[in-house]
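Residues per chain are reported as follows:
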Amino acid sequence: MNREEILEAVKEAMPEKRFIHTLGVEKTALELADHYKVDRNQVSLAALLHDYAKYADKEEMMAIMVEQKMDPKLFTYNQELWHAPVGAYFAETKFGVTDEAVLKAIACHTTGNAAMSTMDKIIYLADYTEPNRSFPGVYKARRLSFDSLDKAMLFALSNTITFLITKRQPIFPDTFDAYNYFARLQIEGEV
Ligand code: DGI
Ligand code: FE
Ligand code: FE
């Protein structure tokens, strides 16, 4: 699929506002890709497809999660988490993406994990800081993203976890694993 076809399919799968968010994620992700010398094509593809499954049918998602033997813990956490791994599956099956690095960035864009590549961090942070986002701390998150991806990840994850706790939401283990990973880097002075 060429860029126009991808844009068309993505636009059709979501409300206007989410499509604008997606374009914002691509813009920010490309700025970060240039800054950290990461491949623009890979980053662009992951950004455009990251929320493709956001409005997918719940039953269809559940069937895919079972059939693809995705982490069964997903079923016992917020449904909001499903669109990331299911999105990676759709990227492969509906868009023909074979690049594992792109698929992984899509799969971990919501929770993060303890083994994130530079591209994974770029997609996670672009999703968090794209121009249409506004929440307390977004300016700091934007500034940190261009300073150090690891520092920005620690900031974003601690904010997200704090926010989830105020809502008394269960927190998926990968989110904690990611937080712990970046928190340890900071203690070790590597951030
Ligand atoms: O899809 P987006 O809205 O662009 O953003 P996203 O995919 O990063 O996150 C969707 C939501 O998922 C967001 O409100 C934060 C939430 N989230 C992230 N980690 C966890 C989580 N929710 C729960 N319950 N547990 C988590 O570990
Ligand atoms: Fe998302
Ligand atoms: Fe998003």
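Residues numbered from 1 in each chain as written. Chains lettered and ligands numbered in written order. Predicted model: local features only at pLDDT ≥ 70, side-chain atom pairs only at ≥ 80, totals over all residues. Heavy atoms only, no water.

Per an unreviewed UniProt entry, the chain carries the name bis(5'-nucleosyl)-tetraphosphatase (symmetrical) and comes from Listeria newyorkensis. Within the UniProt record for the chain, the comment given under Catalytic activity (unreviewed entry) is "P(1),P(4)-bis(5'-adenosyl) tetraphosphate + H2O = 2 ADP + 2 H(+)". (UniProt positions renumbered as here; feature names shortened; annotations may be inferred.)

1. Observations regarding the coordination of the iron ion (ligand 3)
For the iron ion (ligand 3), the protein coordination sphere consists of His21 (NE2), His50 (NE2), Asp51 (OD) and Asp127 (OD), at 2.2 to 2.3 Å. The motif formed by the donor residues of the iron ion (ligand 3), counted along the single chain, is H-x28-H-D-x75-D. In this structure, the iron ion (ligand 3) is positioned 3.5 Å from the iron ion (ligand 2), and both are ligated by Asp51. Of the two residues, His21 sits in helix H2 (residues 16-35) while His50 sits in the loop between helix H3 (40-49) and helix H4 (58-67), which places them 29 residues apart along the sequence. Summarising the burial analysis for this pair, His21 and His50 share the class buried. (Donors = N, O, S within 2.8 Å, 3.2 Å for Na, K, Ca; no water. Helix = DSSP H or I, 4+ residues; strand = E, 2+ residues; numbered from the N terminus. Buried < 20%, exposed > 50% of the residue type's maximum accessible area, 1.4 Å probe, protein only.)

2. Thoughts on the UniProt feature "domain: HD/PDEase" (unreviewed entry) in the chain
Taking the UniProt record as the reference, the feature "domain: HD/PDEase" (unreviewed entry) is found at residues 14-141. Span residues 14-141 is 60% helix and 0% strand, its end C-alpha atoms 26 Å apart.

3. Remarks on helix H5 (residues 83-95)
The end-to-end C-alpha distance of H5, which contains 13 residues, comes to just 16 Å, noticeably less than the 18 Å that a straight helix rising 1.5 Å per residue would cover. Of all 13 residues in H5, 10 are buried, a share of seventy percent or more. All buried positions along H5 are accounted for by His83, Ala84, Pro85, Val86, Gly87, Ala88, Tyr89, Phe90, Ala91 and Phe95. Of the surrounding secondary structure, the elements contacted by the buried residues of H5 are helix H1 (3-12), H3, H4 and helix H6 (100-107). (Expected span 1.5 Å × (residues − 1). Contact = heavy atoms within 4.5 Å.)

4. A short note on the side chain of His21
Looking at His21, the relative accessible area reads 5%, which means it is buried. Polar side-chain contacts of His21 include one of 3.3 Å to the side chain of His50. (Polar contact = N/O pair within 3.5 Å; in protein donor to acceptor, adjacent residues only side chain to side chain.)

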